[in-house]
Amino acid sequence: RELPIAERFSVRGLERYVDIMTRGGKVTHLFMCAVGQRADYDSKVCDPIWMAIDESKARGLEPNEWPVNARKLHDLGIDPFKVWCDYCRRTGKASLWISQRMNDVHHVSADWNMRTNRFWWEHPEFWRKPNADRKSVGSWTDVALDYSHPEVREFEFAIFKELVDRYDADGFELDFMRFWEHLTPGREREQAPILTEFIRRCRRYADEVGARRGRRIGLATRCPTSYAAARDFGFDPETWAREGLIDILAVANFWAADDYDFDFANWKSRISAANPKVIVVPSVGDNISCGSDVVPASSAALKGWADNVRADGAEGLYVFNAAYLCREALDLV
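This one's a predicted model, so the numbers in the text were calculated from it and none came from an experiment. (Residues numbered from 1 in each chain as written. Predicted model: local features only at pLDDT ≥ 70, side-chain atom pairs only at ≥ 80, totals over all residues. Heavy atoms only, no water.)

Novice: Even after reading the chapter, I still don't get the overall build of the protein chain, so can you show me in this structure?
Specialist: A count of helical and extended segments in the protein chain gives 14 helices and nine strands. Structurally, the protein chain occupies a C-alpha span of about 50 × 50 × 50 Å along its principal axes. Per-residue burial over the protein chain gives 53% buried out of 333 residues. Expressed as a percentage of contacts within the protein chain between residues at least 6 apart in sequence, the contacts between residues at least 24 apart total 72%. Entry remark: accessible area of the protein chain is about 15,000 Å², with carbon and sulfur atoms responsible for 50%. Placing the 46 positive and 52 negative side-chain charges of the protein chain at their respective mean positions leaves the two points 4 Å apart. (Helix = DSSP H or I, 4+ residues; strand = E, 2+ residues; numbered from the N terminus. Buried < 20%, exposed > 50% of the residue type's maximum accessible area, 1.4 Å probe, protein only. Contact = heavy atoms within 4.5 Å. Areas by Shrake-Rupley, 256 points an atom, 1.4 Å probe, with all protein chains shown as cover. Lys, Arg positive; Asp, Glu negative; His and termini not counted. Charge placed at Lys NZ, Arg CZ, Asp CG, Glu CD.)

Novice: Looking at this structure, how should I read helix H7 (residues 150–166)?
Specialist: Given 3.6 residues per turn, any residue in an α-helix points the same way as the ones three and four places further on. The terminal C-alpha atoms of H7 lie 24 Å apart, and with 17 residues this matches the ideal 24 Å at 1.5 Å per residue to within 8%. Burial in H7 covers these residues: Val152, Phe155, Glu156, Phe157, Ile159, Phe160, Glu162, Leu163 and Val164. Structurally, H7 contributes buried residues whose contacts are with strand S1 (29–35), strand S2 (95–101), helix H6 (118–122), strand S3 (171–175), helix H8 (192–213) and strand S4 (218–224). (Expected span 1.5 Å × (residues − 1).)

Novice: So what exactly am I meant to see when it comes to the pairing of S2 here?
Specialist: Judged by how many residues are buried, S2 sits mostly within the fold: seven of seven residues are covered. Side chains Ser95, Trp97, Ser99 and Arg101 project from S2 onto one buried face, and the interleaved Leu96, Ile98 and Gln100 project onto a second face that is buried too. The sheet contact formed by S1 and S2 spans six bridges and is parallel. Paired with leucine 30 across the strands is leucine 96, a residue of S2. Two strands pair when backbone bridges link them, and S2 and S3 are joined in this way by five bridges, in the parallel orientation. Residue pairing for S3: arginine 101 is matched across the bridge by aspartate 175. (Pairing = 2+ DSSP bridges.)

Novice: So what exactly am I meant to see when it comes to the side chain of glutamine 100 here?
Specialist: Counting through the fold element by element, glutamine 100 comes out in strand S2. When neighbours within four sequence positions are excluded, glutamine 100 is seen to be in contact with Val35, Glu156, Ile159, Phe160, Leu163, Glu173, Leu174 and Asp175.

Novice: Explanation requested: the packing of aromatic side chains in the structure shown.
Specialist: A complete count under the given rule lists 24 aromatic pairs for this structure. Here the aromatic rings of phenylalanine 235 and tryptophan 240 are separated by 6.1 Å at their centres, their planes lie at 80°, and the arrangement is edge-to-face. For phenylalanine 235, a relative accessible area of 0% translates into the label buried. Sitting above the plane of the tyrosine 227 ring, arginine 270 keeps its charged end 3.7 Å from the centroid. (Phe/Tyr/Trp six-rings, centres within 6.5 Å; stacked < 30°, edge-to-face > 60°. Lys NZ or Arg CZ within 6 Å of the ring centre and 35° of its normal.)

Novice: Would you explain the environment of asparagine 131 in this entry?
Specialist: Tracing the sequence through the fold places asparagine 131 in the loop between H6 and H7. Along the chain, asparagine 131 and serine 10 lie 121 residues apart, while their C-alpha atoms are 44 Å from each other. Excluding anything up to four places from it in sequence, asparagine 131 contacts Pro124 and Glu125.

Novice: Even after reading the chapter, I still don't get unusual backbone geometry, so can you show me in this structure?
Specialist: The general pattern is negative phi for most residues beyond glycine and trans for most peptide bonds. Note the cis peptide between arginine 178 and phenylalanine 179, where omega equals 10°. For histidine 107, which is not glycine, the phi torsion reads 60° and is therefore positive. With respect to the helices and strands, histidine 107 occurs in the loop between S2 and H6.

Novice: Could you clarify how one ought to interpret empty space enclosed by the protein in this entry?
Specialist: If you roll a probe as big as a water molecule over the atoms, it shows you where there is empty space left. Scanning the model with the defined rule gives one cavity of 30 Å³ or more in all. Looking at the largest cavity, its volume works out to about 130 Å³. Around the largest cavity, the lining comprises 16 residues; the ones closest to its centre are Gln37, Asp104, Asn117, Leu145 and Glu156. By residue number, the principal contributor to the lining of the largest cavity is H7, which donates three residues. By residue class, the composition of the lining of the largest cavity is eight nonpolar, five polar and three charged. (1 Å grid on protein atoms, 1.4 Å probe; cavity = no way out; pocket = protein on both sides within 12 Å on 5 of 7 lines; lining within 4 Å. Points joined across faces, edges and corners; volume = space filled by probe spheres on them. Nonpolar A, V, L, I, M, F, W, Y, C, P; charged D, E, K, R; others polar.)

Novice: How should I be thinking about the sheet that holds strand S9 (residues 318–319) in this particular structure?
Specialist: The strands that make up a sheet are held in pairs by hydrogen bonds between backbone atoms, and each pair lies either parallel or antiparallel. Spatially, the seven strands line up as an open sheet ordered S1-S2-S3-S4-S5-S6-S9, and their pairing is parallel. Both outer strands of the open sheet, S1 and S9, are each paired with one neighbouring strand and no more. Judged from the two bridges that link them, strand S6 (residues 279–284) and S9 form a sheet pairing that is parallel. Pairing of serine 283 across the sheet is with tyrosine 318, part of S9. Relative to the sheet, H8 contacts S3 and S4, its axis offset from that of S4 by approximately 160°. (Axes fitted to C-alpha atoms, helices over the stretch in contact; angles between N-to-C directions.)

Take a look at the structure:
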């Protein structure tokens, strides 16, 4: 908003966003989400977000500014993620990573939502609870995609491959915390090797492309703050670290940062023992959970959380949804 409207839809406007988020010199990495349920670029694998413009109009709705702005940039021939990759490498302001949400299920109980993609709609047999009634499930994650199906893994890997081929980023994030359930209910621990093998496949492809580009392409991921919960959901970060599959592990809550006293030291000890080269950071979101209430995070609340994890050995902080926090996030770092 510091720029005139006309300048926001320009290469310099996008570069200015990086300038704002990195001012102060303490931000080392920027993670830009290119794919949630739909893609924010002209994807050949996943529906572009601007498909929602015509869908909205067909329902007599005013299109949301998200798909409208994404389409405006596309029509101008500007890919924001390419701009950010180039600008960060050219200026050294931060290391730019592209994030892929591995199972985003925002608003899936609605009759229609601008976010949901056709693969999810057309394959209810691949949901964690196959063919469930979307409107009566206990949690959106009941109808998240189930990675035990090879077709789901092929779809998600095709997106990952497209991102790696398209963007010359320093690394790519497999965000397994947006949302956090990926396997058949009740069989998550048994099926944990499925997620590990998926990450191996991503690592192999990143290495192939990295060899051609003459540098290593990093891989990052996020998992729950509770080690026991992470294993119960089918995550095996120690193996990921031990095999050198990941470079960064962000230990995160979902949405609300309600875990002020999780055992970060345990995470750091486990991952460092498996592979001391892996960076382990605690993650905080843009809300604070206080019992049953959720309130927007303030600078003071975030700093209290940061003090706790720093005392537990954290050498860095991962701020999720930083664009929504903005001033609070910048205060935090």
